[in-house]
Amino acid sequence: MRRHTARAVKRLAALALSTVGGAVAVGCGSEKAVSHGGSSARARAVADAWHGSKAAQVWAQGYYPMGDVIQLPAGAFHTDADKRAYTTQNFVLRTALPGAPDRNGVLKWDDGRSLTLPLMSARKAYDSVARGSNDGPHLTVTGARLGETTVATSRGPATVPAWLFTLKGYDTPLKRAAVGPSKPPRPPIAPAAQSPSDELWPVQRLVGVGDDGRTVTVLAAHGACDDGPAVDVLETHDSVVLSASIVGTKDGACTAQMLGAEKTVKLRRPLGERILLDAFTGEPMRSGSLRWG
């Protein structure tokens, strides 16, 4: 019974991700892959498929956040009530939001590269952090203007246009990047087959990359009758592939319940501009959910 339940939970995990199609186009990378933690043959296939691919070229030229696109005011939060208001997205708007910008925004990297993308409206940016207001604790927005912020991306830190929202009681604004990510490339390899004996699971989402680039934290799924998730790493010259699995089993009846736990893996060298990939889906990972929609 436990085995069938584990497969049911795995299907839940897979359905939580976007479905990605694509022809398998696996090539041989010229670099020597460095694996640790027991990375699988699937991880090597994903790394080889992305090496030198058109998808990798598209990825290298786009804007893909690897850190939070919402940045809190300095010293946030002053009270537990303010923290709860933010986590529940309970905001009160006490100002008129600027109209939709009539121009594009320019993103800039430290090495001189730049990218022009459409600017989102202040209303869209506000709605991404605020669901509305109710009788519970709330944060009050008293002003909004267009400015800049720094966002960690797959190409390193970038200076990006941002909407700056003034919050009552705070000296510095809440910042929300005013551009959305580039359209992701079509992966050069199809998702892993759903095999009953396959222990590979999808990584649920990227939580963050350490400031030194040597640690990656992800949310990994597991069931109610195991000891939790494990995440293995395969490092190559131009990619880092994460393979999620579960460890430990418990006999007897078990509910088909999908749980999640954060796992942090250490890299042999900083992630840099290497593509961070999920072995199960064959997709790159960026900040937030793996779903591209």
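Structure's up top.
Since this is a predicted model, take the numbers as computed values, not measurements. (Residues numbered from 1 in each chain as written. Predicted model: local features only at pLDDT ≥ 70, side-chain atom pairs only at ≥ 80, totals over all residues. Heavy atoms only, no water.)

Peer 1: Mind laying out the overall build of the protein chain, listing which residues take part and the relevant values?
Peer 2: If you tally the helices and strands in the protein chain, you get 5 helices and 15 strands. Taking all 293 residues of the protein chain together, the buried fraction comes to 46%. Contacts in the protein chain between residues far apart in sequence, at least 24 positions, make up 74% of those at least 6 positions apart. With the model as given, the accessible surface of the protein chain reaches about 14,500 Å², and the carbon-plus-sulfur share is 50%. (Helix = DSSP H or I, 4+ residues; strand = E, 2+ residues; numbered from the N terminus. Buried < 20%, exposed > 50% of the residue type's maximum accessible area, 1.4 Å probe, protein only. Contact = heavy atoms within 4.5 Å. Areas by Shrake-Rupley, 256 points an atom, 1.4 Å probe, with all protein chains shown as cover.)

Peer 1: Account for the pattern of salt bridges, naming residues and giving values.
Peer 2: Applying the stated rule across the entire model yields 4 salt bridges. Of the charged contacts in the structure, one is a salt bridge between arginine 113 and aspartate 111, with a shortest N-O distance of 2.6 Å. Here arginine 113 falls in the partly exposed class, since its relative accessible area comes to 27%. A salt bridge links aspartate 127 to arginine 123, with the shortest nitrogen-to-oxygen separation between them at 3.4 Å. Taken together, the residues span about one helical turn, with aspartate 127 and arginine 123 both in helix H5 (residues 122–129) at a distance of 4 residues. Accessibility expressed as a relative area gives 42% for aspartate 127, which makes it partly exposed. Residue classification places arginine 123 among the partly exposed positions, given a relative accessible area of 41%. Residues joined by salt bridges that share partners form a network here, namely Asp111, Arg113 and Glu273. (Salt bridge = Lys/Arg side-chain N within 4 Å of Asp/Glu carboxyl O.)

Peer 1: Now, about the side chain of serine 53: what can you tell me, with residues and values included?
Peer 2: With respect to the element layout, serine 53 can be found in the loop between helix H2 (41–50) and helix H3 (54–61). Only 2.9 Å separates the side chain of serine 53 from the backbone oxygen of tryptophan 50, close enough to count as a polar contact. (Polar contact = N/O pair within 3.5 Å; in protein donor to acceptor, adjacent residues only side chain to side chain.)

Peer 1: Please set out the pairing of strand S6 (residues 139–153) residue by residue, giving values where relevant.
Peer 2: Sheet faces and side chains relate simply in a regular strand, where the side chains alternate between the two faces. For strand S3 (residues 91–93) and S6, the ladder comprises 3 bridges, and the chain directions are parallel. Residue pairing for S6: valine 92 is matched across the bridge by threonine 140. Here S6 runs beside strand S7 (residues 156–167); their pairing, made up of 12 bridges, is antiparallel. Note that in S7 the partner of alanine 144 across the bridge is phenylalanine 165. Where S6 hands over to S7, the hairpin turn is made up of 2 residues, counted between the paired strands. (Pairing = 2+ DSSP bridges.)

Peer 1: How would you explain the side chain of serine 243 if you had to name every residue and give the values?
Peer 2: Positionally, serine 243 belongs in strand S12 (residues 239–246). Accessibility expressed as a relative area gives 5% for serine 243, which makes it buried.

Peer 1: Please provide a residue-by-residue account of H2, values included.
Peer 2: Buried within H2 are the following residues: Arg42, Ala43, Val46, Ala47, Ala49 and Trp50. Down the axis of H2, the smallest arc covering the buried residues is 165°, so these residues share one side. On the buried face of H2, the contacting elements are H3, strand S11 (229–235), S12 and strand S14 (275–278). Two residues or fewer after H2 comes glycine 52, characterised by a positive phi angle close to 70°. (Arc of directions from axis to C-beta.)

Peer 1: Go over helix H4 (residues 80–87), please, and point to the residues and values.
Peer 2: Along H4, the positions that sit buried rather than exposed are Asp82, Ala85 and Tyr86. Around the axis of H4, the buried residues are gathered within 100° of arc, so they sit on the same side. Exposed side chains of H4 directed beyond 90 degrees from the buried face belong to Asp80, Lys83 and Thr87. Among the structural elements, strand S2 (70–71), S3, S6 and strand S8 (174–177) are those in contact with the buried residues of H4. Just downstream of H4 lies glutamine 89, where phi reads positive at about 55°.

Peer 1: How would you explain the packing of aromatic side chains if you had to name every residue and give the values?
Peer 2: Tallied over the entire structure, the rule returns 5 aromatic pairs. Judged by centre distance (5.3 Å) and plane angle (35°), the ring pair of phenylalanine 77 and tyrosine 86 falls under tilted. Tyrosine 86 carries the same exposure label as phenylalanine 77, and that label is buried. Seen from their ring centres, phenylalanine 77 and tyrosine 170 are 6.3 Å apart, and the 85° between their planes marks the pair as edge-to-face. A residue pair is termed long-range when its members are at least 10 positions apart, and phenylalanine 77 in the loop between S2 and H4 and tyrosine 170 in the loop between S7 and S8 qualify at 93 residues. The burial state of phenylalanine 77 is the same as that of tyrosine 170; both residues are buried. Taken together, the ring pairs connect Phe77, Tyr86 and Tyr170 into an aromatic cluster. (Phe/Tyr/Trp six-rings, centres within 6.5 Å; stacked < 30°, edge-to-face > 60°.)

Peer 1: How would you summarise the pairing of S14 if you had to cite specific residues and measurements?
Peer 2: Judged by which residues are buried, S14 turns out to be covered on both faces: Ile275 and Leu277 on one side and Leu276 and Asp278 on the other are all buried. Summarising the sheet, S12 and S14 pair through 4 bridges and their orientation is parallel. Pairing of valine 240 across the sheet is with leucine 276, part of S14.

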